[in-house]
Amino acid sequence: MVVAALARYLASFEELFGTGGMLDFTAPSVAHDERFRRWYRRTERLAMGRGAASPMYATTFETDVRHVLPTIRVPTLILTRSGDRHIRVGHGRYLADHIPESKYVHLPVADHRLHVGDTETMPGEIEEVLTGARCSPASDRVLATVLFTDIVGSTERAAALGDAGWRDLLGAHHEVVRRELERYRGREISTIGDGFLATFDGPSRAVRCACAVAQAVRRLGIEVRAGLHTGEVEYVGENVIGIAVHTAARVAALAGPSEVLVSSTVKDLVAGSGLRLAERGTHALKGVPDEWRLFAAER
């Protein structure tokens, strides 16, 4: 049974190598991202030919070093990820049980590839093993305009299209948003479900970017809502935190299909920019102090 399963695995490895298809089980969090998929496909093809990949990988199954594990006498860190479908958690636990005084860390992440998923925790664990200490992450507080977007009716659309169709549509959506972010010099922070979190160093460009995204994605047969707020934020690694982030998220939640809502702070800052903003009343934003006047960008 084991031999047959191995043969099937190696056959699938040879079939998928160089196509980007391996991301579906080695990096599911980015498998829908067509830009990342193209990059990964090119990386595999530049690394080696498909015919060489399978024999190379087969050698790992022919090598047995279990008898060596108890002789290891250097600090050893063993990292596993709970949803890893490529290397099962049990392999890591076996190493931890047989390497004396090793440190075992289990992370609740589905990706196998180290450069996707939780990329913040892992370097800290490695740093602590190598140096005996873990540095606090550097922070950077700046004034920024925060943009949130998400697709309207995404759940219903995904159910109607099916997994493959929805993945293709989401990939096309991501390409559109990233093109506009680049055009208006926005900084992509993360994709959240079917939406984006991004920051800008100028509120006018942020509003124009949101409007451009809302218009462009309609050609895909979908609509997005967007919300913006300007305030002080803190960059921690690749992430961004602060009350301004929460405020922008609450503003976005109140936007309608193809609508770009901004806070009164953004409205005041873009005075004289030529942007037209229509008042949408005063609203309480969940979890955010005070009431806020909101405005809709008119295109």
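Above this note sits the structure.
Here we summarise the structure given alongside this text. None of these values were measured; they are calculated from a predicted model.

A short note on the side chain of Asp194
In step 1: Within the secondary structure, Asp194 is located in the loop between β4 (187–192) and β5 (195–200).
In step 2: At 3.1 Å, the side chain of Asp194 forms a polar contact with the backbone nitrogen of Ile151.
In step 3: Of the polar contacts made by the side chain of Asp194, one reaches the side chain of Ser154; its length is 2.5 Å.
In step 4: Excluding its chain neighbours within four sequence positions, the residues that come into contact with Asp194 are Asp150, Ile151, Ser154, Trp166, Leu170 and His173.

So, a nonpolar patch on the surface
In step 1: On the surface, Leu79, Ile126 and Leu130 cluster together into a nonpolar patch covering about 270 Å² of accessible area.
In step 2: When you line up the elements, Ile126 lands in helix α6 (residues 121–131).
In step 3: Judged by relative accessible area, Ile126 falls into the partly exposed class, the value being 36%.

Quick notes on the pattern of salt bridges
In step 1: Taken as a whole and assessed by the stated rule, the structure comprises 13 salt bridges.
In step 2: Residue Arg178 is joined to Asp33 by a salt bridge in which the shortest nitrogen-to-oxygen separation is 2.9 Å. In this pair, Arg178 is assigned in helix α7 (residues 154–183) and Asp33 in the loop between α2 (23–26) and α3 (34–47), connecting sequence segments 145 residues apart.
In step 3: With relative accessibility at 11%, the residue Arg178 sits in the buried group.
In step 4: Judged by relative accessible area, which is 9%, Asp33 ranks as buried.
In step 5: Notably, a salt bridge pairs Asp201 with Arg205, separated by 2.1 Å at the nearest N-O pair.
In step 6: The network of salt bridges with shared partners includes Asp33, Arg178 and Glu188.

Focus: the side chain of Thr247
In step 1: Structurally, Thr247 can be placed in helix α9 (residues 243–253).
In step 2: For Thr247, a relative accessible area of 2% gives the class buried.
In step 3: A polar side-chain atom of Thr247 sits 2.8 Å from the main-chain carbonyl oxygen of Ile243.

Structural notes on the nonpolar core
In step 1: Formed by 32 residues in total, the largest nonpolar core has its most connected members in Leu181, Phe200, Leu228, Val260 and Val262.
In step 2: When residues of this core are assigned to their parent elements, the largest contribution, nine residues, is made by helix α8 (residues 203–216).
In step 3: Excluding its chain neighbours within four sequence positions, the residues that come into contact with Val262 are Val207, Leu228, Val251, Lys267, Leu277, Arg293, Leu294 and Phe295.
In step 4: Core analysis: the next-biggest nonpolar cluster, separate from the first, contains 12 residues, Ala144, Leu197, Tyr235 and Ala244 among them.

Quick word on the layout of surface pockets
In step 1: Estimates place the volume of the largest pocket at around 1200 Å³.
In step 2: Phe61, His86, Ile87, Arg88 and His91 are, among the 31 residues lining the largest pocket, the residues nearest its centre.
In step 3: At the level of elements, α1 (2–16), β1 (77–81), α5 (89–98) and α6 are the ones that each hand at least two residues to the lining of the largest pocket.
In step 4: Across the lining of the largest pocket, the residue classes tally to 17 nonpolar, seven polar and seven charged.

Considerations on the environment of Leu147
In step 1: Note that Leu147 resides in strand β3 (residues 139–151).
In step 2: Residue classification places Leu147 among the buried positions, given a relative accessible area of 3%.
In step 3: In this structure, the C-alpha to C-alpha distance between Leu147 and Ala206, residues 59 residues apart in sequence, is 7.1 Å.
In step 4: Leu147 has contacts with Phe196, Leu197, Ala198, Phe200, Ala210, Ala226, Gly227 and Leu228, leaving out every residue within four places of it along the chain.

Remarks on the pairing of strand β8 (residues 260–263)
Here is the key point about a regular strand: its side chains alternate between the two faces of the sheet.
In step 1: Side-chain alternation along β8 places Val260 and Val262 on one buried face and Leu261 and Ser263 on a second face that is also buried.
In step 2: Direction of pairing for β8 relative to strand β10 (residues 291–298): antiparallel, over a ladder of three bridges. Looking across to β10, one finds that Leu261 is bridged to Ala296.

With respect to α8
In step 1: An ideal rise of 1.5 Å per residue puts 20 Å on 14 residues; α8 measures up with 20 Å between its terminal C-alpha atoms.
In step 2: Among the residues making up α8, those that are buried are Pro203, Ser204, Arg205, Ala206, Val207, Cys209, Ala210, Cys211, Ala212, Val213, Ala214 and Ala216.

Considerations on the pairing of β4
In step 1: Of the pairings in the sheet, the one linking β4 to β5 comprises five bridges and is antiparallel in character. Within β5, the residue paired with Arg187 across the bridge is Thr199.

Some thoughts on the environment of Phe17
In step 1: Residue position: Phe17 is located in the loop between α1 and α2.
In step 2: Apart from the residues within four sequence positions on either side, Phe17 is in contact with Met22, Glu44, Met48, Gly49, Arg50 and Ala53.

Here we look at the packing of α7 against α8
In step 1: Two elements in contact, α7 and α8, have axes whose closest approach is 9 Å; the angle formed by their N-to-C orientations is 150 degrees. Compared by their axis directions, α7 and α8 come out roughly antiparallel. Relative to α8, α7 is oriented so that their crossing is right-handed. Listed contacts from α8 to Val176, Val177, Glu180, Leu181 and Arg183 of α7 are Cys209, Ala212, Val213 and Ala216.
In step 2: Classifying every residue of the contact of α7 with α8 gives seven nonpolar, no polar and two charged.

Basis of the calculations
- Residues numbered from 1 in each chain as written.
- Predicted model: local features only at pLDDT ≥ 70, side-chain atom pairs only at ≥ 80, totals over all residues.
- Heavy atoms only, no water.
- Helix = DSSP H or I, 4+ residues; strand = E, 2+ residues; numbered from the N terminus.
- Polar contact = N/O pair within 3.5 Å; in protein donor to acceptor, adjacent residues only side chain to side chain.
- Contact = heavy atoms within 4.5 Å.
- Patch = residues over 30% accessible without salt bridge, like charges linked within 9 Å, V, L, I, M, F, W, Y side chains within 5 Å.
- Areas by Shrake-Rupley, 256 points an atom, 1.4 Å probe, with all protein chains shown as cover.
- Salt bridge = Lys/Arg side-chain N within 4 Å of Asp/Glu carboxyl O.
- Buried < 20%, exposed > 50% of the residue type's maximum accessible area, 1.4 Å probe, protein only.
- Core = buried A, V, L, I, M, F, W, Y, C linked by side-chain atoms within 4.5 Å.
- 1 Å grid on protein atoms, 1.4 Å probe; cavity = no way out; pocket = protein on both sides within 12 Å on 5 of 7 lines; lining within 4 Å.
- Points joined across faces, edges and corners; volume = space filled by probe spheres on them.
- Nonpolar A, V, L, I, M, F, W, Y, C, P; charged D, E, K, R; others polar.
- Pairing = 2+ DSSP bridges.
- Expected span 1.5 Å × (residues − 1).
- Axes fitted to C-alpha atoms, helices over the stretch in contact; angles between N-to-C directions.
- Parallel < 35°, antiparallel > 145°, perpendicular 65-115°, else oblique.
- Left-handed = near helix turned anticlockwise from the far one by under 90°.

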